[in-house]
Amino acid sequence: MTVAGSAADPAAASQLAAVERAVTRMRDNLADQQYLIDHAEAGLFSPFHFHRVFRSITSVTPARFLAALRMAEAQRLIIRESPRIIDVCTAVGYSSLGTFTTQFTRLVGLSPRRYQTMVEEYGQCPVADLLPVAAPGDHLDRADRADRGDRGDQGERTDRTDRTDRTDRTDRTDRTGIVGHIIGPPTAEWAAAPDGLCLTGMFPYGVPQQAPLSCTMTSGLGRVLLPSPQAPGRPQDRCRILAVWFPADLRVVDLLDDSAGQHRRVGSTTAPPQAAAGRTAPFRVFLHRPLPSDPPMVYALPLLLAGHRLPLAT
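Here is a short report on the structure shown in this document. (Residues numbered from 1 in each chain as written. Predicted model: local features only at pLDDT ≥ 70, side-chain atom pairs only at ≥ 80, totals over all residues. Heavy atoms only, no water.)

1. A short note on the overall build of the chain
Scanning the chain from terminus to terminus reveals 12 helices and 7 strands. Counting across all 314 residues of the chain, residues that qualify as buried make up 49%. Restricting to contacts in the chain with at least 6 residues of sequence separation, those with at least 24 account for 71%. Total accessible area on the chain stands at roughly 14,700 Å², and carbon and sulfur atoms take up 51% of it. (Helix = DSSP H or I, 4+ residues; strand = E, 2+ residues; numbered from the N terminus. Buried < 20%, exposed > 50% of the residue type's maximum accessible area, 1.4 Å probe, protein only. Contact = heavy atoms within 4.5 Å. Areas by Shrake-Rupley, 256 points an atom, 1.4 Å probe, with all protein chains shown as cover.)

Below you can see the structure in the form of structure tokens.
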């Protein structure tokens, strides 16, 4: 998450710079014990004020952000260096192998050993070969058809009725889900971007870690339909909708280990509240090149799909 208008707002720019200094300190000292006061000093704020500013910019607490950085680095080490798991554990700041294994399994979705095995098996595959993908709008069309049912030969009248009430129907969350729009960066670089895939998911917090409450994959950007979460465990408007775009031919290892943000474009927004009668407003996510203040992608979705451990709506 970025601070809107930070370039024109000195206070917002100062806060963003403070958070980025703290994130740099976190990254540079992953093997060491880290405390809130250390991060606050790097940001030049008091601990209380720093915690509030950090959360407002990144959508997560410093502790959750640090845990995500550690898990991302652990994945990088497993992918690029293939060391012993105990060495990965100490390299990212854990003194207990059991604690590290539990945390890795909870946040990434696989145990470190299983992750290593899956990377060896699927790491060189294009991500598109492992993910079920829908074209933008296709799942919305299917939802419309399922919603109105099969009416045989009433074609013309049915189509006309559909066009009239389509917008109203696709804003519902009871049967069709939450409609949103994923929008690419307005840059010349983006205009020349290769064909890509976009993963959109709802997460309890602002970090793409642990299983998403709901997710979908589309080829390209535009309208998406995010299935309504069955049991979010917290108010829907306290969850975050996160989207990540990447080239369709990207290898699995290059998606899982992309700390520099070379291959991805990311964006997020607060999930809209579920209103009465199951209706909710559409959401919009604007993609951008990852910033230091954007949490890393931790959840190993391609590997979990390859192992058939997670259903994905298309």
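2. What about helix α3 (residues 47-58)?
Across its 12 residues, α3 extends 16 Å between first and last C-alpha, which sits within 8% of the 16 Å expected from 1.5 Å per residue. Along α3, the residues classified as buried are F50, V53, F54, I57 and T58. Burial along α3 is one-sided: seen end-on, the buried residues are contained in an arc of 110°. More than 90 degrees from the buried face of α3, the exposed residues found are F48 and R52. Considering only its buried residues, α3 is in contact with α1 (10-28), α2 (36-43) and α4 (62-80). Immediately downstream of α3, the backbone of S59 shows phi near 75°, a positive value. (Expected span 1.5 Å × (residues − 1). Arc of directions from axis to C-beta.)

3. Here's the deal with α2
Those residues of α2 that fall on the buried side of the exposure criterion are D38, H39, A40, A42 and G43. Where α2 is buried, its residues touch α1, α3 and α4.

4. Describing unusual backbone geometry
Positive phi values are uncommon outside glycine, yet S59 reaches one of about 75°. Note that S59 resides in the loop between α3 and α4. In this structure, Q210 takes a positive phi of about 65° despite not being glycine. With respect to the helices and strands, the residue Q210 is situated in the loop between β2 (196-203) and β3 (214-219). A relative accessible area of 23% means that Q210 is categorised as partly exposed.

5. With respect to the packing of α4 against helix α7 (residues 112-122)
The geometry of a pair of packed helices is captured by two quantities: the angle between their axes and the separation between those axes. It is the contact of α4 with α7, at a shortest axis distance of 10 Å, that shows an interaxial angle of 45°. Classified by the angle between their axes, α4 and α7 sit oblique to one another. Every pair of crossing elements has a handedness; the one defined by α4 and α7 is right-handed. For the pair α4 and α7, contact is made by Q75, I78 and I79 and by P112, Y115, Q116 and V119, respectively. Residue classes in the contact of α4 with α7 are distributed as 5 nonpolar, 2 polar and no charged. (Axes fitted to C-alpha atoms, helices over the stretch in contact; angles between N-to-C directions. Parallel < 35°, antiparallel > 145°, perpendicular 65-115°, else oblique. Left-handed = near helix turned anticlockwise from the far one by under 90°. Nonpolar A, V, L, I, M, F, W, Y, C, P; charged D, E, K, R; others polar.)

6. Description of the pattern of salt bridges
Tallied over the full model, the rule gives 7 salt bridges. Its salt-bridge partner being D87, residue R84 comes within 3.1 Å of it at the nearest N-O pair. By relative accessible area, D87 is classed as partly exposed at 33%. Where R264 meets D258, a salt bridge forms, and the shortest distance between an N and an O atom there is 3.0 Å. (Salt bridge = Lys/Arg side-chain N within 4 Å of Asp/Glu carboxyl O.)

7. Quick notes on the sheet that holds strand β4 (residues 222-226)
With mixed pairing, 3 strands are arranged side by side in an open sheet as β4-β1-β7. For this open sheet the edge positions go to β4 and β7 (283-286), each flanked by a neighbour on one side alone. Direction aside, neighbouring strands of the sheet carry axes that sit 30° apart on average. Strand direction decides the pairing type here: strand β1 (residues 178-183) and β4, joined by 5 bridges, are antiparallel. Looking at β4, one finds that V179 is bridged to L225. (Pairing = 2+ DSSP bridges.)

8. Observations regarding the environment of P227
By the secondary structure assignment, P227 is in the loop between β4 and β5 (240-247). What makes P227 partly exposed here is its relative accessible area of 28%. As a C-alpha pair, P227 and M202 span 25 residues in sequence and 9.3 Å in three-dimensional space.

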